[in-house]
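Read off the chains here:
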Amino acid sequence: MIKRLIACSLLFICAALAQAEQSLIPAPPQLSATAYILVDAHTGQVLVEHDADKQIPPASLTKMMTAYIVSEEIEKGSIKETDKVRISEKAWRKGGSKMFVKVGNKVPVIDLLRGVIVQSGNDASIALAEHVSGSEEVFAEVMNQQAELLGMRDTHFVNATGWPAEGHLTTARDLATLARAVIADHPQHYDIYSEKYFSYAGINQPNRNRLLWRDPAVDGIKTGHTEAAGYCLVASAVKRGMRLIAVVVGTDSDEKRASETQKLLAYGFRYFQTHKVYSKDDTLQTERVWGGKSAEVGISVQEDVFVTIPRGGEENIKADLIIDGELEAPLEKGQPVGKVVVTLDGETVADVPAVAAEEVEKAGFFKRIWDSIKRFVMGLFS
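On a predicted model such as this, the values are computed, not experimentally measured, just so you know. (Residues numbered from 1 in each chain as written. Predicted model: local features only at pLDDT ≥ 70, side-chain atom pairs only at ≥ 80, totals over all residues. Heavy atoms only, no water.)

## Quick word on the side chain of Thr226
The topology assignment puts Thr226 in strand 7 (residues 218-226). The buried category is assigned to Thr226, whose relative accessible area is 14%. For Thr226, the residues in contact, after removing those within four places along its chain, are Ala59, Gly162 and Pro164. (Helix = DSSP H or I, 4+ residues; strand = E, 2+ residues; numbered from the N terminus. Buried < 20%, exposed > 50% of the residue type's maximum accessible area, 1.4 Å probe, protein only. Contact = heavy atoms within 4.5 Å.)

Okay, structure coming up:
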């Protein structure tokens with residue numbers, strides 16, 4: 001009997017220690033950088049941040065927005081990847097990093113896009129800006145409009161390259177927001193960010209993101225450097241179904257921006273995980289519908305529901321479906337009818353609309369009358 005009690009106690013202690021180990025999360029690393037942030041790309045949850053709202057010059061990280069707008073224009077059909085872009089003297093003369101296009105030449109949009117992303121070409125950025133908007137100045141206005149749409153509240157662009165200019169500013173948080181949009185909205189072009197080299201006109205240039213060579217989990221996204229901005233890096237990596245975005249700005253060397261970013265990514269993957277609570281269009285339950293051809297309707301969510309949790313903390317997740325009163329026909333598929341609230345240890349981590357999984361048409365006159373009678377009688381006893 002005593003041996004059994006001791007064995008049970010040991011099992012209890014081991015289980016408690018294992019649970020405690022899962023829930024223990026140490027303080028995040030302190031980086032040698034002006035500002036930084038680590039975000040779960042699926043949920044937008046911030047895992048680490050330091051001075052993430054401090055306005056800083058973005059240098060060539062600007063080109064993420066330049067490339068994003070070009071991808072938007074291609075998707076809308078306003079331009080094509082195969083369109084030939086005439087290289088202006090302004091684009092050709094621009095200093096700094098180059099794709100080495102020649103004035104007067106006509107270069108396909110997709111080649112220029114690679115020149116922007118892989119080679120960080122200022123010439124390619126200006127050429128695309130002029131092709132999309134007529135001038136770099138007008139393109140900068142489009143960049144600011146797009147930044148506002150994405151929720152980049154503390155960002156203002158003056159040019160398409162990141163060339164130092166008064167008022168050309170952003171924040172680490174806004175750059176993370178932009179990186180999430182680049183990855184989610186244009187996956188066909190995000191693949192370019194993982195390309196290690198791009199050759200043009202006989203010149204083979206490497207991607208400046210060192211982590212593409214060091215860490216197989218890293219698949220993008222962009223580097224930047226000016227004297228004012230320091231060495232900057234936005235990087236994204238995927239492990240075990242979790243995608244993280246790290247933004248590190250204002251380090252003192254190319255090597256430092258890579259190593260400091262690795263610290264952030266390692267911390268995030270070690271102590272956190274992305275957990276899918278529901279898949280898009282999963283039927284969570286059925287609800288009574290009054291006055292409809294069908295008496296019931298399935299309830300679902302319109303998008304996959306992800307939450308960021310401490311690694312191993314799935315058992316502490318709770319999801320509640322809250323319906324906005326009694327449902328009446330007609331109902332359209334996707335019509336909001338309530339919400340799903342997901343909590344972790346009693347704290348809300350997700351709050352998303354619950355919607356009708358299918359259409360429910362209004363019933364005929366006699367069916368609606370009968371439903372009204374049943375509803376009235378049931379109300380008397382509720």
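Back to the write-up after that little detour.
## Some details on the layout of surface pockets
There is about 350 Å³ of room inside the largest pocket. Every residue lining the largest pocket is listed: Ala41, His42, Thr43, Gly44, Arg180, Ile183, Ala184, Arg243, Lys280, Glu303, Asp304 and Phe306. Counting residues per element, the lining of the largest pocket draws most heavily on helix 7 (residues 172-185), at 3 residues. In terms of residue class, the lining of the largest pocket is built from 4 nonpolar, 3 polar and 5 charged. In this model, the second largest pocket occupies a volume close to 270 Å³. (1 Å grid on protein atoms, 1.4 Å probe; cavity = no way out; pocket = protein on both sides within 12 Å on 5 of 7 lines; lining within 4 Å. Points joined across faces, edges and corners; volume = space filled by probe spheres on them. Nonpolar A, V, L, I, M, F, W, Y, C, P; charged D, E, K, R; others polar.)

## Digging into unusual backbone geometry
Note that the residue after Gly220, namely Ile221, is joined by a cis bond; omega there is 15°. Within the element layout of this structure, Ile221 appears in strand 7. Notably, Ser120 is not glycine yet its phi reads approximately 55°, a positive angle. Within the element layout of this structure, Ser120 appears in the loop between helix 4 (109-117) and helix 5 (122-133). Positioned with a positive phi, Asp345 is a non-glycine residue whose angle comes to about 55°.

## Re the pairing of strand 1 (residues 35-40)
Regular strands show a simple pattern: their side chains alternate between the two faces of the sheet. Most of strand 1 is tucked away: 6 of the 6 residues are buried. Burial along strand 1 is two-sided: the residues Ala35, Ile37 and Val39 and Tyr36, Leu38 and Asp40 are all buried. Pairing of strand 1 with strand 9 (residues 242-251) involves 6 bridges; the strand directions are antiparallel. Residue Leu38 lies in a different strand from strand 9, and its bridge partner there is Ala246. (Pairing = 2+ DSSP bridges.)

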